[in-house]
Amino acid sequence: MSIRLYDSLTRSLCELRPAQPDGIFRFYNCGPTVYAPAHIGNFRTFVVNDIIRRLLELEFGANKVKHVRNLTDVDDKTIKRARDEQRPLADVTQQWTAKFHADCASLNCLPPHVEPTATGHIPEQVDMIAVLMKKGYAYRAADGSVYFKVNSFEAYGALSRVKERELQTGSALKATAADADEKEDVSDFALWKAHKPEDGANAWDSPWGRGRPGWHIECSAMSKKHLGETIDLHTGGVDLLFPHHENEIAQSQCCNGTPFAHHWYHSEHLLVDGKKMSKSLGNLYTLDELVAKGFSPMALRYALLTGHPRKQLSFSLDSLHAAESALKTLRTYRAALDGRSRAEATTIFAPIFTALADDLNIPGAFGALFTIVHRGPAGVDLAAFDRVLFALGFQLDALDLPPVEAPTAIVALAAKRWAAKQAKDFAGADALRQELTAAGWNMKDAKDGYSLEPLKQ
RNA sequence: GGCGCGGUAGCCAAGUGGUAAGGCCGAGCUCUGCAAAAGCUCUAUCGGCGGUUCGAUUCCGCCCCGCGCCUCCA
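Residues numbered from 1 in each chain as written. Chains lettered and ligands numbered in written order. Predicted model: local features only at pLDDT ≥ 70, side-chain atom pairs only at ≥ 80, totals over all residues. Heavy atoms only, no water.

Student: Could you give me a rundown of the environment of Arg140, with the residues and numbers involved?
Tutor: Of note, Arg140 is situated in strand β5 (residues 138-140). The class of Arg140 is partly exposed, set by a relative accessible area of 48%. Sequence-distant contacts of Arg140, defined by excluding residues within four places in its chain, comprise Met133, Ser145, Val146 and Trp208. Among the polar contacts made by the side chain of Arg140, one reaches the main-chain carbonyl oxygen of Trp208 at a distance of 3.3 Å. (Helix = DSSP H or I, 4+ residues; strand = E, 2+ residues; numbered from the N terminus. Buried < 20%, exposed > 50% of the residue type's maximum accessible area, 1.4 Å probe, protein only. Contact = heavy atoms within 4.5 Å. Polar contact = N/O pair within 3.5 Å; in protein donor to acceptor, adjacent residues only side chain to side chain.)

Student: If you had to explain the domain arrangement of chain A to someone new, which residues and values would you point to?
Tutor: Each assigned domain of chain A is listed with its residue range as follows: domain 1 (4-267), domain 2 (289-304 + 312-398) and domain 3 (408-454). Measuring from the centre of the C-alpha atoms in domain 2 to the corresponding centre in domain 3 gives 34 Å. (Domains from an automatic or database assignment.)

Student: Describe the packing of aromatic side chains, with residues and values.
Tutor: Within this structure, the stated rule accounts for 16 aromatic pairs. Seen from their ring centres, Phe25 and Phe60 are 5.5 Å apart, and the 10° between their planes marks the pair as stacked. You can see Phe25 sitting in strand β3 (residues 25-29) and its partner Phe60 sitting in helix α1 (residues 40-60), a full 35 residues away along the chain. Summarising the aromatic geometry, the rings of Tyr302 and Phe366 are spaced 4.6 Å apart at their centres and angled 20° between planes, so their arrangement reads as stacked. One end of the pair, Tyr302, is in helix α9 (residues 297-304); the other, Phe366, is in helix α12 (residues 362-373), and 64 residues separate them in sequence. Relative accessible area serves as the criterion here: at 6%, Phe366 is assigned to the buried category. Members of the aromatic cluster, each reached through a chain of ring pairs, are Phe43, Phe46 and Phe100. Across the ring face of Phe390, the terminal group of Arg54 is positioned such that the distance to the ring centre comes to 4.9 Å. Over the face of the ring belonging to Tyr6 we find Arg310, whose NZ or CZ atom lies 3.9 Å from the ring centre. (Phe/Tyr/Trp six-rings, centres within 6.5 Å; stacked < 30°, edge-to-face > 60°. Lys NZ or Arg CZ within 6 Å of the ring centre and 35° of its normal.)

Student: Go over the side chain of Asn49 with me, naming the residues and quoting the values.
Tutor: Topologically, Asn49 is positioned in helix α1. Given a relative accessible area of 2%, Asn49 falls into the buried group. At 2.5 Å, the side chain of Asn49 forms a polar contact with the side chain of Thr235. With residues near it in sequence (within four places) discarded, Asn49 still touches Phe27, Asn29 and Thr235.

Student: So what's going on with the environment of Ile217? Residues and values would help.
Tutor: Residue position: Ile217 is located in helix α6 (residues 215-227). Along the backbone, Ile217 and Ala250 are 33 residues apart, and their C-alpha atoms lie at a distance of 10.0 Å. Discounting chain neighbours no more than four positions away, the residues touching Ile217 are Gln125, Met128, Ile129, Leu191 and Gln251.

Student: I'd like a rundown of the pairing of strand β1 (residues 4-7), residues and numbers included.
Tutor: With 4 bridges joining them, β1 and strand β2 (residues 12-15) adopt antiparallel strand pairing. Looking across to β2, one finds that Asp7 is bridged to Ser12. Hairpin connection, β1 to β2: the antiparallel pair is bridged by 4 residues, and Arg11 has positive phi, about 55°. (Pairing = 2+ DSSP bridges.)

Student: Tell me what's going on with the state of the cysteines, and back it up with residues and numbers.
Tutor: Within this structure, the stated rule accounts for 0 disulfides. Between Cys219, a cysteine without a disulfide, and Cys30, which holds the nearest cysteine sulfur, the sulfur-to-sulfur distance is 3.8 Å. Left unpaired, Cys255 is separated from the closest cysteine sulfur, that of Cys254, by 8.8 Å. (Disulfide = S-S within 2.5 Å.)

Student: An account of the sheet that holds strand β10 (residues 264-267) is needed here, citing residue identities and associated values.
Tutor: Two pairing modes exist for strands in a sheet, parallel and antiparallel, and in both the strands are linked by backbone hydrogen bonds. Within the open sheet, the 4 strands sit side by side as β4-β3-β9-β10. Their pairing is parallel. Each of the sheet's edge strands pairs with one partner strand only, and the pair in question is β4 (65-69) and β10. Averaged over neighbouring strand pairs, the angle between their axes works out to 20° when direction is ignored. Pairing of β3 with β4 involves 5 bridges; the strand directions are parallel. (Axes fitted to C-alpha atoms, helices over the stretch in contact; angles between N-to-C directions.)

Student: Got a sec to walk through the packing of helix α11 (residues 350-357) against helix α13 (residues 382-392)? Specific residues and values, please.
Tutor: When two helices pack together, their arrangement is given by the angle between their axes and by how far apart the axes lie. Following both chains from N to C, one finds α11 and α13 inclined at 20°, their axes separated by 10 Å at the closest point. In terms of axis orientation, α11 runs roughly parallel to α13. With respect to the hand of their crossing, α11 and α13 are arranged in left-handed fashion. Every residue of α13 that contacts α11 at Ile352, Phe353 and Leu356 is listed here: Arg387, Val388, Ala391 and Leu392. Taken together, the residues that form the contact of α11 with α13 break down as 6 nonpolar, no polar and 1 charged. (Parallel < 35°, antiparallel > 145°, perpendicular 65-115°, else oblique. Left-handed = near helix turned anticlockwise from the far one by under 90°. Nonpolar A, V, L, I, M, F, W, Y, C, P; charged D, E, K, R; others polar.)

Student: Now, about the sheet that holds strand β12 (residues 275-276): what can you tell me, with residues and values included?
Tutor: In space, the 3 strands of this open sheet follow the order β12-β11-β13, with mixed pairing throughout. Only two strands of the sheet have a single partner each, and these edge strands are β12 and β13 (313-315). The sheet contact formed by strand β11 (residues 270-272) and β12 spans 2 bridges and is antiparallel. Within the sheet, the bridge partner assigned to Val272 lies in β12 and is Lys275.

Student: An account of the nonpolar core is requested, with residue identities and associated values reported.
Tutor: Within the largest apolar cluster, 79 residues are counted, with the highest numbers of intra-cluster contacts made by Leu300, Phe315, Phe349, Ile352, Leu360 and Phe394. Among the elements that make up this core, the one with the highest residue count is α1 (9 residues). Looking at which domains feed residues into this core, each of domain 1 (4-267) and domain 2 (289-304 + 312-398) supplies at least three. Excluding its chain neighbours within four sequence positions, the residues that come into contact with Ile352 are Ala365, Ala368, Leu369, Ile372 and Val388. In terms of nonpolar packing, the next biggest core, distinct from the first, is built from 36 residues, Met128, Ala138, Phe148 and Trp192 among them. (Core = buried A, V, L, I, M, F, W, Y, C linked by side-chain atoms within 4.5 Å.)

Structure (structure tokens):
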């Protein structure tokens, strides 16, 4: 199987393969800014990237993939959060890093091999900026900040086709750039930001004075350090395509004089009520909120994968209900497999891998999966099915949420109903069941007892 | 204004130049006092109008509608 994936730069499908002779596939995925809980739109990207990681491992071998995902732990948002809460920056970023890790774990995302932080790579960033200054690609402005001179890089705009757009009067860029007055050109972007009072203690020394790195340079520096000058695949959400990734290319290629990434991939946004999630629209969900509503993280993982990654995906609580049901079907199916090895039957799941390797057609893979499931478990090799589950990252035993303790009133109602049923008072039992349903609980009868479970919202 | 993406059953969502996967919901059925669980069955002609073609949902043109990026947003 060879993995073909859309490349944002050439706008075509290209095969993924390691370029270096060591055969190691170098994979860099832009990570989160750790100042708040990531929302599920963020997690769509990370879950999709987790599928990429898993496919790469299946294709090249687990020890032939190096996956790096950064943590942005110094920027306007993290600093503001620390200032608002009157806490040290590191305190805040460590808190939200831990939360991010916990969420990723419950979504069953494989941890990256290296997870570098911006604050942990200040010298590397300074070094790159120094080279850019020396080569004439950057300049120090009157405010003490260092900017990248966009028009010094011929190829600028290749990724986003920025040269095809007119930066006309009144464009958002011109109107709102806070540092517009300092820069030689509105398109220039900060490599090093001179210290401002509101930055507080969050400043580092540099040849250009105290300050902090700009956003884009961290990825250039960290990917270079951990993966080398040229990487095989660089990914992120579509909103990073411009300017973030465009700027990364400019910095890295001007500094190193070598190609930055062979392949670029961007996943599309998760939509709620037809719109991208945002705080201002109030349509933002976090994993914790969904778990509080009774949904399992695995259901969210499933729901986030129901659309093609390069297409916007509509999310709703209904999609979580659908996901729970679909996953239960898979769990039931797996439980029905007898575990007997059937080497001759391991290829029945091939259509699933074919779909995945064909530009990450995950919905297509789901379709193939359920088509196979409906043929029944007879003669199916358990290990082969588990490889499918690995590729998709589904942990079916994680589906069951810890049992919820019912309130005493509910317990009493249930006991009463059970007694009525034992006495063959079915009318009374039914009435009590209705009371329980109205109270938000379902009573599951068994031969010799019963259990209670809360109805989902 | 520039760049890009999309409009497929009640909802979500694949896909192909030759009469449209899959999931959910709903309905019916099997099982079961009821409910649940499990299983089976059923439900679309693909935004609109033209064009190319033996034939288009799939290619081309126009139109309508929606979304994203152009602001340190995944």
